[in-house]
Amino acid sequence: MSDYRVLPGPEHFLPPAAASMGIRLPNPGEAHINGVITSEDKAYEEAARQFLMAKVPTIFPGPLVLWAWNEKAAKKATAVRHLFNTLKECVQSGQKPMLIPMPDYRPKYPKINPEVEINPNHPNLTIWHNKIDCCMFIGVHCHQANLSLKIIRGGTSCYTIAMCAQAGHEDAMLSFRDASVEKLMKLADTIKRLKGTVQPRLTSAKNGVSS
Amino acid sequence: MADTHSIIGTKNKKGQTYTDTWKMMNEAPRTPSFYTGSEVIKEAIRRASCDVMIAYPITPQSEAAALIGELFAEGYIGDYFRGESEFAVMSQCAGASFGGARVFTTTAGPGTMRAMENFPMWAGARLPIQMIVTCRGINSPLSIQPDTLEIAYLLNTGMLVWHAETAQDFFDWILKGYIVSEEPDVHLPLALCCDGFFVTHTKDVVNLTPADMCLPPYDPYRSPVPCMDMECPPVRMMRDPFVMKSNYISYATHASWQQEIWAAVERSRKHTIHWLNGLVDTENTDADIVIVASGTAVSQGREAIRMLEDEGVRCGLVKVKALRPWPEEEIREATKNAKHIFVPEFNVTGWLAKEIRATVPNSQRVHAGPHVCGGMTMPPEIIVSEIKTALGMKTFSMAGRGS
């Protein structure tokens, strides 16, 4: 097993892909935390804890759930909205949950509007601008998600969670695989259950950037 | 959009049953058949649920492209046409794959080199195209005989690279190759190489899966990048590449993109081990002498080992099946007891020996050879001679004709 750990950055001028450092993806029924394979149940707890601790917990829905291209996508989008509403209900005053879409993958030049969207080619701009310290990707094509997760790890201190519909993401600090409506609902339930038990780091937040 | 699992057990237009790949490859009855390597390629593609095959028939190296034209005529392939050149073929393969098709092509030698620009593009665009490379000489004066130098050029393209020893490997790996390269966490092109002529033109007994079973179709909706979309990367990257923008973000994005391709090669390791039963095969690796080889050099090495046994010299063997992903740990483990590591190769530069030297500790143990090239055969006697010379044993010179 690799000694490398996938941790919040800023890690490096050009951080390595976690896969090239020996981090392996979870098998069905598993998840990973910091690159260590773990049970899904443990991952739900940790993801919920990270959301509840964050000053600006944020969900980044991608094109696969933003557009109703099939029935499953539409249901998943409803579940994402439910998760976000749950998060809003469960955080304390001073915490600011956000829902910022990644509508497409086009490089946005000369400048992205980081208040309304995130882009895989320069996701750090949205993280920095909104002072996001914990985020979750869902519905982003895997290649684009890995691109984003690596850049975020390189230049920000944001904690990253991937709710992946396929095999998961080593470049996130925590990753689920085979994401479904049920898994989103279970995460929402876990957040609800842990409400009030986790102390938000309101005073120590590094505002998503290197201190 | 058809879910892959829901289609298992249903029939295609040719009456073949879409079959769970593991069952088809490991549990279905096999029929021994006496075929050339080119005919074996045809039989594998008959069972591969291939949507598009694009050909630049580079006979006499391999008849496979022409034979697959027959499959199209029989209705087993969705579309089939001939490109204007090897470069055109590989570009057209990219177009078909961008559009969500399972794509197959073949090439060899100078054709591989002419089309080379496309291969990193395929990998960068995450296109799971399968390309058979029936290796032949690439330099002037040209040779249609086997020479594996072109593999060295493929190793850093970001493609998966496997090297088949036999026609049986070829048959099985064509089918398994699609499954590995289409995994969403991999989704890379596969260069499935063999030593041309030796494998393509000679007949061998190959155990075939039933012709009425075929692979489940490719599901492009599991791709890690969107299907053809002119406004989104990777297609947009090619008409509006990052490198055209001179700023840090553009370079960082491109760098991260390249890392992701090689991360996908790493991810293929788990799937390749599962489907090929390991990245290497090993025999007697507790011996002081180990031969490490890929392709038909493995067969010659095996025969050399038998001949050495007759003289009381015990040798081990490592058959390298996958070159990308590179079996670094496996080779270290298999050679940990070896005092001498011999790497016979069918090329002049010894690229496999260089890879092994960079992998194992105490690399002075690696003897880069024997080499033959330009289409020469490799009699097992020259491997025996190389080993005996290194051990200080008496050996006889093998003079070529004309010496």
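Cut-offs and rules
- Residues numbered from 1 in each chain as written.
- Chains lettered and ligands numbered in written order.
- Predicted model: local features only at pLDDT ≥ 70, side-chain atom pairs only at ≥ 80, totals over all residues.
- Helix = DSSP H or I, 4+ residues; strand = E, 2+ residues; numbered from the N terminus.
- Rg over C-alpha atoms; globule rule 2.2 N^0.38 Å.
- Buried ≥ 20, exposed ≤ 12 C-beta atoms within 10 Å, placed from the backbone.
- Pairing = 2+ DSSP bridges.
- Axes fitted to C-alpha atoms, helices over the stretch in contact; angles between N-to-C directions.
- Parallel < 35°, antiparallel > 145°, perpendicular 65-115°, else oblique.
- Left-handed = near helix turned anticlockwise from the far one by under 90°.
- Contact = placed C-beta atoms within 7 Å.
- pLDDT = per-residue confidence, 0-100.
- Domains from an automatic or database assignment.
- Expected span 1.5 Å × (residues − 1).
- Nonpolar A, V, L, I, M, F, W, Y, C, P; charged D, E, K, R; others polar.

## A short note on the overall build of chain A
Here is step 1 of the chain: Counting its secondary structure elements, chain A contains six helices and seven strands.
Here is step 2 of the chain: For chain A, the succession of helices and strands along the chain, N to C, is β-β-α-β-α-α-β-α-β-α-β-β-α.
Here is step 3 of the chain: For 211 residues, the compact-globule estimate of 2.2 N^0.38 gives 17 Å, and chain A sits close to it at 16 Å.
Here is step 4 of the chain: The principal-axis extent of the C-alpha atoms belonging to chain A is close to 40 × 40 × 40 Å.
Here is step 5 of the chain: Residues classed as buried in chain A amount to 53% of the 211 residues present.

## Concerning the sheet that holds strand 5 (residues 134–138) of chain A
Residue and element names in this part refer to chain A.
Here is step 1 of the chain: The mixed open sheet is built from seven strands, whose spatial order is 2-1-7-6-5-3-4. Two strands close off the open sheet at either side, each with one partner strand: strand 2 (36–39) and strand 4 (98–99).
Here is step 2 of the chain: In terms of strand pairing, strand 1 (residues 30–33) meets strand 2 through four bridges, oriented antiparallel. From the neighbouring strand, His32 faces strand 2, where its bridge partner is Ile37.

## Focus on the packing of helix 9 (residues 167–181) of chain B against helix 11 (residues 248–276) of chain B
Residue and element names in this part refer to chain B.
Here is step 1 of the chain: At a minimum axis distance of 9 Å, the contact between helix 9 and helix 11 shows a crossing angle of 150 degrees. Viewed along their axes, helix 9 and helix 11 adopt a mutual orientation that is roughly antiparallel. Where helix 9 crosses over helix 11, the two elements pack in a sense that is right-handed. Side by side, helix 9 and helix 11 meet where Lys176, Ile179 and Val180 of the first sit next to Ser268, His271, Thr272, Trp275 and Leu276 of the second.

## Details of the sheet that holds strand 14 (residues 322–324) of chain B
Residues and elements named next belong to chain B.
Here is step 1 of the chain: One open sheet holds the seven strands; their spatial order is 4-3-5-6-8-7-14, and the pairing between them is mixed. Each having just a single partner strand, strand 4 (79–82) and strand 14 make up the two edges of the open sheet. Taken pair by pair, the neighbouring strands of this sheet meet at an average axis angle of 20 degrees, ignoring direction.
Here is step 2 of the chain: As paired strands, strand 3 (residues 52–55) and strand 4 are joined by four bridges and run parallel to one another. Among the inter-strand pairings, Ala55 is bridged to a residue of strand 4, identified as Arg82.

## Comments concerning unusual backbone geometry
Here is step 1 of the chain: The amide bond that connects Arg324 of chain B to the next residue, Pro325 of chain B, takes the cis arrangement and shows omega of 5 degrees.
Here is step 2 of the chain: Tracing the backbone shows Pro325 of chain B in the loop between strand 14 and helix 13 (328–334).
Here is step 3 of the chain: A cis geometry characterises the amide bond from Gly369 of chain B onward to Pro370 of chain B, with omega recorded as 5 degrees.
Here is step 4 of the chain: Relative to the helices and strands, Pro370 of chain B is located in the loop between strand 16 (366–367) and helix 15 (380–390).
Here is step 5 of the chain: At Asn34 of chain A, a residue that is not glycine, the phi angle is positive and equals roughly 55 degrees.

## Regarding the confidence of the model for chain A
Here is step 1 of the chain: Per-residue confidence for chain A averages 93 on the pLDDT scale, and 95% of its residues sit at or above 70.
Here is step 2 of the chain: Counted against residues more than four places away or in other chains, residues 204–211 of chain A, with its pLDDT under 50, gives 19 contacts.

## Observations concerning the pairing of strand 13 (residues 315–320) of chain B
Residues and elements named next belong to chain B.
Here is step 1 of the chain: A large share of strand 13 lies buried, amounting to six of its six residues.
Here is step 2 of the chain: Burial along strand 13 is two-sided: the face carrying Cys315, Leu317 and Lys319 and the face carrying Gly316, Val318 and Val320 are both buried.
Here is step 3 of the chain: For strand 11 (residues 280–283) and strand 13, the ladder comprises four bridges, and the chain directions are antiparallel. Residue pairing in the sheet places Thr282 in a bridge with Val318 of strand 13.
Here is step 4 of the chain: In the sheet, strand 12 (residues 289–293) pairs with strand 13 via five bridges, with the strands oriented parallel.

## Concerning the domain arrangement of chain B
Residues and elements named next belong to chain B.
Here is step 1 of the chain: For chain B, the assigned domains read domain 1 (8–222) and domain 2 (281–390).
Here is step 2 of the chain: Measuring from the centre of the C-alpha atoms in domain 1 to the corresponding centre in domain 2 gives 27 Å.
Here is step 3 of the chain: Taken together, the contact pairs 20 residues of domain 1 with 20 residues of domain 2.
Here is step 4 of the chain: Counting residues per element, the ones that place at least two in the side of domain 1 that touches domain 2 are helix 8 (149–154), strand 7 (160–163) and strand 8 (190–195).
Here is step 5 of the chain: Counting residues per element, the side of domain 1 that touches domain 2 draws most heavily on strand 7, which supplies four residues.

## Some thoughts on the environment of Thr389 of chain B
Residues and elements named next belong to chain B.
Here is step 1 of the chain: Residue position: Thr389 is located in helix 15.
Here is step 2 of the chain: The exposure class of Thr389 is partly exposed, given the 14 C-beta atoms found within 10 Å.
Here is step 3 of the chain: Sequence-wise, Thr389 and His367 are 22 residues apart; in three dimensions their C-alpha atoms are separated by 11 Å.

## Some remarks on helix 3 (residues 71–90) of chain A
Residues and elements named next belong to chain A.
Here is step 1 of the chain: Spanning 20 residues, helix 3 covers 29 Å between terminal C-alpha atoms, matching the ideal 28 Å at 1.5 Å per step.
Here is step 2 of the chain: Those residues of helix 3 lying buried are Lys76, Ala77, Ala79, Val80, Leu83, Thr86, Leu87 and Cys90.
Here is step 3 of the chain: Buried residues along helix 3 sit in contact with helix 1 (40–53), strand 3 (57–61), helix 2 (63–66), strand 5 and helix 6 (181–194).

## Quick look at the packing of helix 12 (residues 296–310) of chain B against helix 15 of chain B
All names here are of chain B.
Here is step 1 of the chain: Between helix 12 and helix 15, whose axes approach to 8 Å, the crossing angle comes to 60 degrees. Classified by the angle between their axes, helix 12 and helix 15 sit oblique to one another. The hand of the helix 12/helix 15 crossing is right-handed. Residues Gln300, Gly301, Glu303, Ala304, Met307 and Leu308 of helix 12 form the contact with helix 15, whose own contacting residues are Pro380, Ile383, Val384 and Ile387.
Here is step 2 of the chain: Across the contact of helix 12 with helix 15, the residue classes break down as seven nonpolar, two polar and one charged.

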